Each structure stands twice: as C-alpha cells, then as structure tokens.
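The primary structure of each chain is shown beneath.
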Amino acid sequence: MSIRINPSILSADFANMAHDLGLIENADFAHVDVMDNHFVPNLTFGPQMVSRIKATSPVPLDVHLMIADQDRWAPGYAELGAESVTLHVEATVDPVATAKRIREIGARVGLALKPATPFAAVEEIAAHFDQILVMTVEPGFGGQSFMVDQMAKVSQVAAFRSTTGVNLWIQVDGGVDANTIAIAAEAGADTFVAGSAVYGTDNPALAVENLRKIAREHSHH
Ligand code: DX5
Ligand code: ZN
C-alpha cells in the first residue's frame, strides 16, 4: 500500500509561495485549500493564484475546495491543471455529475466529508470518486486538534474499499502530526495532509520524510 504525504500550503508564507513550494520537493502532492468565506469562515485564494501555484509547484496539486456552489466552480480547477480536485459533499447539488466532469478533464476527483457527515451518506456514490477525504478538524483553519473520533469513519471507508474493491485513496486532513499520523494509518488512511506539522518546522522536507516513515510503520493494509 503506498503512502502519500501532502503538505498543506495553508501554513506556507503566502508572500513567498514559490520559495515554500520549493521546500517540499519530496512530497507527493501540494495540498491547496481554496476557501471563500461562505462555506467556511476563512478566505484564501481562487483560480488565478492556483494557476500560479500549478506553474510553480515541483509536485502535483491536491486541491481541497471549501467553497459554496462547487458544481459550478470545481471543474475549473481541473482545467487549470490540478491533478486532483476534492469536493465537499455538503456544498454540491450533483456530486456525481461534477465528479464525471472532473474525470473527463483528466484529474482525479475526491469527495470530502465534514466531521458531522457520516460515510453512510455517500456510500452509494463513493465509486464515482478516486479519494474520500475524512476531515479530522472542522474545515477552515490550520493548527487545530486532530479529532480522533473520526477514525471510525476512516475504518468504514477502508472496509468499504476492501469489500467492494473500489480503488479509493483514504485521506485525512487536520491536526495530522508525528503522533496522530500513526493513529490515522492504523485506522486505514493512506493519504495524509499536514500543514503546521510540515511548515511549522525549520526543515519541511525532513518533516515530510519523518511523517512518511511513521505512516509506513503503522500501515498494515
Ligand atoms: C483546514 C484545511 C487543512 C489545514 C490543515 O480546513 O483543510 O488542509 O491546512 O492544517 P493542519 O495540518 O495545521 O491542521
Ligand atoms: Zn485541506
């Protein structure tokens, strides 16, 4: 089972983005949090900035949309070159149609669940996606504490994957650090977002390697 470590550039220096992207060459993807002050109470950037991040990043982009009306806006992020685009089911009207459009453009598509959204709510449509993102904080901000109670949901997705054979990556995002990544890997996650645990250190590349090593040691899938 491969492990992916995706640093969140929400914790990077927004005025030195090119430099900070250059610090994570050994990551699998750069995790890009798009927020609009409506779906979440925080504001980051939109397609113009993400296009420049795409042009500058040494690794593929894992775009996490935290915006209203995702059916309207999500395909544009695939069009600008993001390799993966993740939708929140809570902000879509027709997630399957939007997933199909994103796949047709050539990107992977993910489905994100806020902490209060159960996996049962999306199980019927999960096969239309390449990744399920189990949020381990309330979306909106970096630096919050990992919600260990979300591990039951991670285990449910892992069980769904093994019984159905649907090839899903299982991503966790929020509060992932050297301690909590072990818990998430044990539960069945394979794709890990870490913001402050990477960019809050003085050696982001070393933090990526350390997280990868711990996740491998605790992954038994
Ligand atoms: C929160 C974002 C996360 C955030 C994680 O809404 O989706 O990607 O950057 O930050 P840390 O790893 O610091 O919890
Ligand atoms: Zn995120």
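The preceding data block contains the structure.
Residues numbered from 1 in each chain as written. Chains lettered and ligands numbered in written order. Predicted model: local features only at pLDDT ≥ 70, side-chain atom pairs only at ≥ 80, totals over all residues. Heavy atoms only, no water.

**Digging into the pattern of salt bridges**
Part 1 of the reasoning: This structure, assessed with the given rule, holds 7 salt bridges.
Part 2 of the reasoning: Among the salt bridges present, the one from Arg 103 reaches Asp 130, with a minimum N-O distance of 2.9 Å. One end of the pair, Arg 103, is in helix H4 (residues 95-105); the other, Asp 130, is in the loop between strand E5 (108-113) and strand E6 (131-135), with 27 residues separating them in the sequence.
Part 3 of the reasoning: On the basis of relative accessibility, which here comes to 35%, the residue Arg 103 falls in the partly exposed class.
Part 4 of the reasoning: According to the relative accessible area criterion, Asp 130 is buried, its value standing at 14%.
Part 5 of the reasoning: In the salt-bridge network here, residues are joined through shared partners; they are Arg 4, Arg 161 and Asp 190. (Salt bridge = Lys/Arg side-chain N within 4 Å of Asp/Glu carboxyl O. Helix = DSSP H or I, 4+ residues; strand = E, 2+ residues; numbered from the N terminus. Buried < 20%, exposed > 50% of the residue type's maximum accessible area, 1.4 Å probe, protein only.)

**A few points about the packing of aromatic side chains**
Part 1 of the reasoning: Considering all chains together, one arrives at 3 aromatic pairs under this definition.
Part 2 of the reasoning: Both rings, one in Phe 14 and one in Phe 45, keep their centres 5.4 Å apart while their planes meet at 40 degrees; by these two values the pair is tilted. Highlighted residues: Phe 14 in the loop between strand E1 (4-7) and helix H1 (17-21) and Phe 45 in the loop between strand E2 (30-35) and helix H2 (47-56), separated in sequence by 31 residues.
Part 3 of the reasoning: Here Phe 14 falls in the partly exposed class, since its relative accessible area comes to 35%.
Part 4 of the reasoning: Sitting over the ring of Trp 169, Arg 108 keeps its end group 3.4 Å from the ring centre.
Part 5 of the reasoning: The positively charged end of Lys 114 is found above the aromatic ring belonging to Phe 39, 5.2 Å away from the centroid. (Phe/Tyr/Trp six-rings, centres within 6.5 Å; stacked < 30°, edge-to-face > 60°. Lys NZ or Arg CZ within 6 Å of the ring centre and 35° of its normal.)

**Looking at the site of ligand 1**
Part 1 of the reasoning: Taken together, 20 residues lie around ligand 1, and Ser 8, Gly 140, Asp 173, Gly 195 and Ser 196 are the ones closest in.
Part 2 of the reasoning: Within the side chain of Ser 8, one N or O atom sits 2.7 Å away from an oxygen atom of ligand 1.
Part 3 of the reasoning: The side chain of His 31 places a nitrogen or oxygen atom 3.3 Å from an oxygen atom of ligand 1.
Part 4 of the reasoning: Mapping ligand 1 onto the cavity grids shows that it belongs to the largest pocket.
Part 5 of the reasoning: Looking at the shell around ligand 1, the elements with two or more residues in it are E2, strand E3 (61-66) and strand E8 (191-194).
Part 6 of the reasoning: Here the shell around ligand 1 takes 3 residues from E2, the largest share from any one element. (Near = heavy atom within 4 Å. Polar contact = N/O pair within 3.5 Å; in protein donor to acceptor, adjacent residues only side chain to side chain. 1 Å grid on protein atoms, 1.4 Å probe; cavity = no way out; pocket = protein on both sides within 12 Å on 5 of 7 lines; lining within 4 Å. Sits in = over half its atoms within 2 Å of the grid points.)

**Quick look at unusual backbone geometry**
Part 1 of the reasoning: If you check the backbone angles, Asn 37 has positive phi at about 70 degrees while not being a glycine.
Part 2 of the reasoning: Structurally, the position occupied by Asn 37 is in the loop between E2 and H2.
Part 3 of the reasoning: Non-glycine residue Asp 69 carries a positive phi angle of around 55 degrees.
Part 4 of the reasoning: Among the structural elements, Asp 69 can be located in the loop between E3 and helix H3 (70-79).
Part 5 of the reasoning: Residue class for Asp 69 comes out partly exposed when judged on its relative accessible area of 40%.

**Here's the deal with the layout of surface pockets**
Part 1 of the reasoning: Looking at the largest pocket, its volume works out to about 270 Å³.
Part 2 of the reasoning: The wall of the largest pocket is formed by 28 residues, among which Gly 142, Gly 143, Asp 173, Gly 174 and Gly 175 lie closest to the centre.
Part 3 of the reasoning: At the level of elements, E2, E3, E8 and helix H7 (196-199) are the ones that each hand at least two residues to the lining of the largest pocket.
Part 4 of the reasoning: Along the lines of polarity and charge, the residues of the lining of the largest pocket split into 12 nonpolar, 12 polar and 4 charged. (Points joined across faces, edges and corners; volume = space filled by probe spheres on them. Nonpolar A, V, L, I, M, F, W, Y, C, P; charged D, E, K, R; others polar.)

**Re the sheet that holds strand E7 (residues 169-173)**
Part 1 of the reasoning: Strand order in the open sheet formed by 8 strands is E1-E8-E7-E6-E5-E4-E3-E2, and the pairing between neighbours is parallel. If you trace the sheet from one side to the other, it starts and ends with E1 and E2, each paired once. The sheet shows a mean angle of 25 degrees between the axes of neighbouring strands, taken without regard to direction.
Part 2 of the reasoning: Of the pairings in the sheet, the one linking E1 to E8 comprises 4 bridges and is parallel in character. Bridging from a neighbouring strand, Asn 6 pairs with Val 193 of E8.
Part 3 of the reasoning: Sheet strands in contact with H2 are E2 and E3, and its direction is about 165 degrees off that of E3.
Part 4 of the reasoning: Along the sheet, helix H8 (residues 204-218) contacts E1 and E8; its crossing angle with E1, the most-contacted strand, is approximately 145 degrees. (Pairing = 2+ DSSP bridges. Axes fitted to C-alpha atoms, helices over the stretch in contact; angles between N-to-C directions. Contact = heavy atoms within 4.5 Å.)

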